[in-house]
Amino acid sequence: MQPGGWIGLCLLLLLGGMALMAPRLALQSPLVVEPGAAFTPPGPEHWMGTDNFGRDVWSRFLYGGRISLMVGVIAMAISATTGTLLGVVAGYYGGKVDSLLSWITEVLQAFPGILLALVIIAILGSGIFNVMVAVGIASIPSFMRLSRGQVLRVKEFGYIEAARSLGASDARVLFRHILPNILRPLLVLVTLGMGGAILEGASLSFLGLGAQPPDPEWGAMLSAGRAFLSRGWWIAVFPGLGIFLAVLGINLFGDAIGDLLDPRSQNQNNR
Amino acid sequence: MWQYLGRRLLVSLAVLLGVSALTFSMLHLVPGDPVHAMLGRQAVTAERAEELRAQLGLNDPLPVQYANYLTKALRGDLGRSIRSNRPVASMIAEQLPSTLMLAAASMIVAIAIGVPLGSLAALQQNRWTDTLIMIGAISGVSIPSFFLALLLILLFSVSLGWLPGTASTNDLRGLVLPALTLGLGEAAVITRLVRASLLEVLHQPYLWTARAKGADEKRVLWEHAFRNALIPVVTMLSLQLVYLLAGSVVIENIFARQGIGRLAVTAIQNRDFPLVQGVVLLIATTYVAINTLTDLSYAVLDPRIRLK
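Residues numbered from 1 in each chain as written. Chains lettered and ligands numbered in written order. Predicted model: local features only at pLDDT ≥ 70, side-chain atom pairs only at ≥ 80, totals over all residues. Heavy atoms only, no water.

Asks: Explain the layout of surface pockets to me, please; I cannot follow it from the model alone.
Replies: To locate leftover empty space, one rolls a probe as large as a water molecule over the atoms. All names here are of chain B. Of the voids in this model, the second largest pocket is the one considered here, and its volume is about 440 Å³. Surrounding the second largest pocket, 20 residues form its lining, Q55, L56, Y69, K72 and G79 being those nearest its centre. Within the residue set of the lining of the second largest pocket, elements represented by two or more residues are α1 (2-29), α3 (46-55), α4 (62-74) and α12 (273-301). The residue makeup of the lining of the second largest pocket, split by class, is eight nonpolar, eight polar and four charged. Both domains that meet at the lining of the second largest pocket, namely domain 1 (2-88) and domain 2 (96-301), each give it at least three residues. (1 Å grid on protein atoms, 1.4 Å probe; cavity = no way out; pocket = protein on both sides within 12 Å on 5 of 7 lines; lining within 4 Å. Points joined across faces, edges and corners; volume = space filled by probe spheres on them. Helix = DSSP H or I, 4+ residues; strand = E, 2+ residues; numbered from the N terminus. Nonpolar A, V, L, I, M, F, W, Y, C, P; charged D, E, K, R; others polar. Domains from an automatic or database assignment.)

Set out below in structure tokens:
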């Protein structure tokens, strides 16, 4: 793996580990309010300072990371399973099923960027759980498109025809022979998609449509801190740094995984 | 050729129908009674609820409602905002110039930074310049726009006091930071795209032929490599313009700038469905239109596409 990939993996392990160990690493509860300690700059007592309510930013950063990273994981779980299943069915059966599912994909892809997630939030209402669902649904078309294309390629191979002629059922051909052979590009999409999902989730929380106060979440913390930039830059900057490093780690790792699984780049390396 | 054009237009029409059906069904997919969802917890009289139901045509059968929605939308009538009772189309028309100005300015920033850096990275492949540019590009792709905005505000507004942190529509100085924020993120995408595209072209045999025929390196690069490498980039740029429109949702909110992005978020917070539907329909339709035009122009330029 390229050095960038290792740096990305280290960043991810560090931030993931911090989020998992939040109860042990936090100096206090992320919700404890101490009005007397408001706007304390970063120092030995409060490593990342305190916010306008005197809450410890380090503790909120750790617990906020749990929610932000969770948005990425759950959203990708929703989109990868649903999108892959639909794409595989469309590619394998073809005909009207394929036309209908491809049309749905094209319609969903007409809503660029964060727009589809916004539409779903408008329907479901605000809240962090709805953000996970919205971001997950918004990413389904990418998985559908990729897995459909991969199935169209793989189903023409001789071993699929051999499996069919030996009497294998559709389900067996799909899950035993086709799915394992299209997992590589899907793995790259899951990795890179997770970064996008974290960004979208944090953006929705930043806009006030995701995590609600006083719950800590990186996007929401940054949004709350921007009103106090001149009095306490640390309130907004640390959560922003958290999102940036998490997404950077995922992108570096995803790019490296993509190169590793791409036979063309392996050939270039071997030359 | 005409057959391809006709088929492509039919596909776009089908997608547009789907887009309109999805925006129409937003109101009906809301859990519970849509009228109560829109009016929220405020004390609602039965008369007010009935009045809104009639205004939105919710008493008609679903197919009739959709047909009415579609006919009105085609005439430019997107209904009335339930909060301000103003026509949605005119509310969007008021905000659109500000968003378009932001998108155009961001695109200029993105091209001015992305194309030269991407080209330089490709020409200096695997050297420290390339590594440095690619580190910058991957950081640009990874940084949330609202965090970048905040850092720029901290630097140029809070510390140096050079530029305003919030913007009004008519103030050009107020456009600088929002355009820089949106444009820098986009520049990172363009840098990666230009580098990849140029690298692919640089390894093509026709460049060796040009060199073998005695063309100097400048001519090989400018006349043969760049021209061909930029074709896919220019195509992508048209689609990126719509992504900039969608990106304005966050940027307009952080800089308190007028525009359709801010209008959309306020509408969602107020559960003002006709307004949300209007903005979403506009952006999605623009996306489909640009996508279709791009495909059609590709078919005109490249015979292989229409023959497929």
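Asks: Help me out: how do you make sense of the packing of aromatic side chains in this one?
Replies: Inspection of every chain in the model, using the stated rule, returns 14 aromatic pairs over all chains. With a centroid separation of 5.3 Å and 55 degrees between ring planes, the pair formed by F24 of chain B and Y66 of chain B is classed as tilted. Pair noted here: F24 of chain B is in helix α1 and Y66 of chain B is in helix α4, with a separation of 42 residues, a long-range link. The buried category is assigned to F24 of chain B, whose relative accessible area is 11%. Through a chain of ring-to-ring contacts, three or more aromatic side chains come together here, namely W47, W58, F61 and W218 of chain A. (Phe/Tyr/Trp six-rings, centres within 6.5 Å; stacked < 30°, edge-to-face > 60°. Buried < 20%, exposed > 50% of the residue type's maximum accessible area, 1.4 Å probe, protein only.)

Asks: What should I look at first to understand the packing of helix α8 (residues 173-202) of chain B against helix α10 (residues 217-254) of chain B in this one?
Replies: For any two helices packed against each other, the geometry comes down to the angle between their axes and how far apart the axes lie. All names here are of chain B. Between α8 and α10, whose axes approach to 9 Å, the crossing angle comes to 150 degrees. The orientation of α8 with respect to α10, classified from their angle, is roughly antiparallel. For the pair α8 and α10, the crossing hand works out as right-handed. For the contact of α8 with α10, the per-class residue count stands at 19 nonpolar, seven polar and one charged. (Axes fitted to C-alpha atoms, helices over the stretch in contact; angles between N-to-C directions. Parallel < 35°, antiparallel > 145°, perpendicular 65-115°, else oblique. Left-handed = near helix turned anticlockwise from the far one by under 90°.)

Asks: I keep staring at the interface of chain A and chain B and nothing clicks. Help me out?
Replies: Counting residues at the interface gives 42 residues for chain A, matched by 43 residues for chain B. Buried surface at the junction of chain A and chain B, both sides included, amounts to about 3,500 Å², of which 82% is carbon and sulfur. Across the pair D255 of chain A and R192 of chain B runs a salt bridge whose closest N-O atoms are separated by 3.3 Å. At the boundary of chain A and chain B, one finds six residue pairs in polar contact (both at pLDDT 80 or more). Of all elements in the fold, only α4 (95-109), α5 (115-124), α8 (170-206), α9 (218-225) and α10 (233-261) of chain A reach the threshold of two or more residues within the side of chain A that touches chain B. In terms of residue class, the side of chain A that touches chain B is built from 31 nonpolar, eight polar and three charged. (Contact = heavy atoms within 4.5 Å. Buried area = accessible area lost by both parts, 1.4 Å probe. Salt bridge = Lys/Arg side-chain N within 4 Å of Asp/Glu carboxyl O. Polar contact = N/O pair within 3.5 Å; in protein donor to acceptor, adjacent residues only side chain to side chain.)

Asks: So what exactly am I meant to see when it comes to the confidence of the model for chain B here?
Replies: Parts of the prediction with low pLDDT should not have their coordinates interpreted in detail. Residues and elements named next belong to chain B. Here chain B averages 86 in pLDDT, and 94% of its residues register 70 or above. When the elements of chain B are averaged for pLDDT, helix α13 (residues 303-307) gives the smallest value, 61, and helix α6 (residues 128-142) the largest, 94. Across the interfaces of the predicted complex, the ipTM metric reaches 0.87, alongside a pTM of 0.88. (pLDDT = per-residue confidence, 0-100.)

Asks: Explain the nonpolar core to me, please; I cannot follow it from the model alone.
Replies: Generally speaking, a soluble globular protein has its nonpolar side chains buried in company with each other. Membership of the largest hydrophobic core comes to 143 residues, with the highest contact counts inside it found for F111, I178 and L204 of chain A together with V19 of chain B. No other element matches α10 of chain A, which puts 12 residues into this core. Residues from two domains meet in this core; each of domain 1 (2-88) and domain 2 (96-301) of chain B gives at least three. Ranked by size, the runner-up nonpolar core spans 12 residues in total, among them L199, A210, V220 and F226 of chain B. (Core = buried A, V, L, I, M, F, W, Y, C linked by side-chain atoms within 4.5 Å.)

Asks: Would you explain a nonpolar patch on the surface in this entry?
Replies: Together, M1, W6 and L260 of chain A make up an exposed nonpolar region whose accessible area comes to about 290 Å². Mapped onto the secondary structure, L260 of chain A falls in helix α10. (Patch = residues over 30% accessible without salt bridge, like charges linked within 9 Å, V, L, I, M, F, W, Y side chains within 5 Å. Areas by Shrake-Rupley, 256 points an atom, 1.4 Å probe, with all protein chains shown as cover.)

Asks: Whenever I open this one, the pattern of salt bridges confuses me. Can you help?
Replies: It is possible for side chains bearing opposite charge to pair when their charged atoms get close. Residues and elements named next belong to chain A. By the definition in use, this model includes eight salt bridges over all chains. A salt bridge links R60 to D51, with the shortest nitrogen-to-oxygen separation between them at 3.9 Å. The exposure class assigned to D51 is buried, which follows from its relative accessible area of 4%. Taking the shortest distance from any N to any O, the salt bridge between D98 and R148 comes out at 2.6 Å. You can see D98 sitting in helix α4 and its partner R148 sitting in helix α6 (residues 128-154), a full 50 residues away along the chain. Because the salt bridges share partners, they merge into one network encompassing D51, R55 and R60.

Asks: Looking at this model, I keep getting lost on α9 of chain A. Mind explaining?
Replies: For an α-helix, 3.6 residues make a turn, and residues three or four places apart therefore share a direction. Buried residues dominate α9 of chain A, accounting for seven of its eight residues. Residues of α9 of chain A that are buried include every one of W218, G219, A220, M221, L222, S223 and G225 of chain A, and no others. On its buried face, α9 of chain A is in contact with α1 (3-20), α3 (57-93), α8 and α10 of chain A together with α7 (145-159) of chain B. The residue sitting at the N-terminus of α9 of chain A and contributing the capping side-chain oxygen is E217 of chain A; that oxygen lies 2.7 Å from the backbone nitrogen of G219 of chain A.

Asks: In this structure, what is going on with α4 of chain A? I would like to understand it.
Replies: For α4 of chain A, spanning 15 residues, the distance from its first C-alpha to its last is 21 Å, which sits close to the expected 21 Å at 1.5 Å a residue. For α4 of chain A, the full list of buried residues reads D98, L101, T105, V107 and L108 of chain A. Buried positions along α4 of chain A lie against α3, α5 and α6 of chain A together with α1 of chain B. (Expected span 1.5 Å × (residues − 1).)

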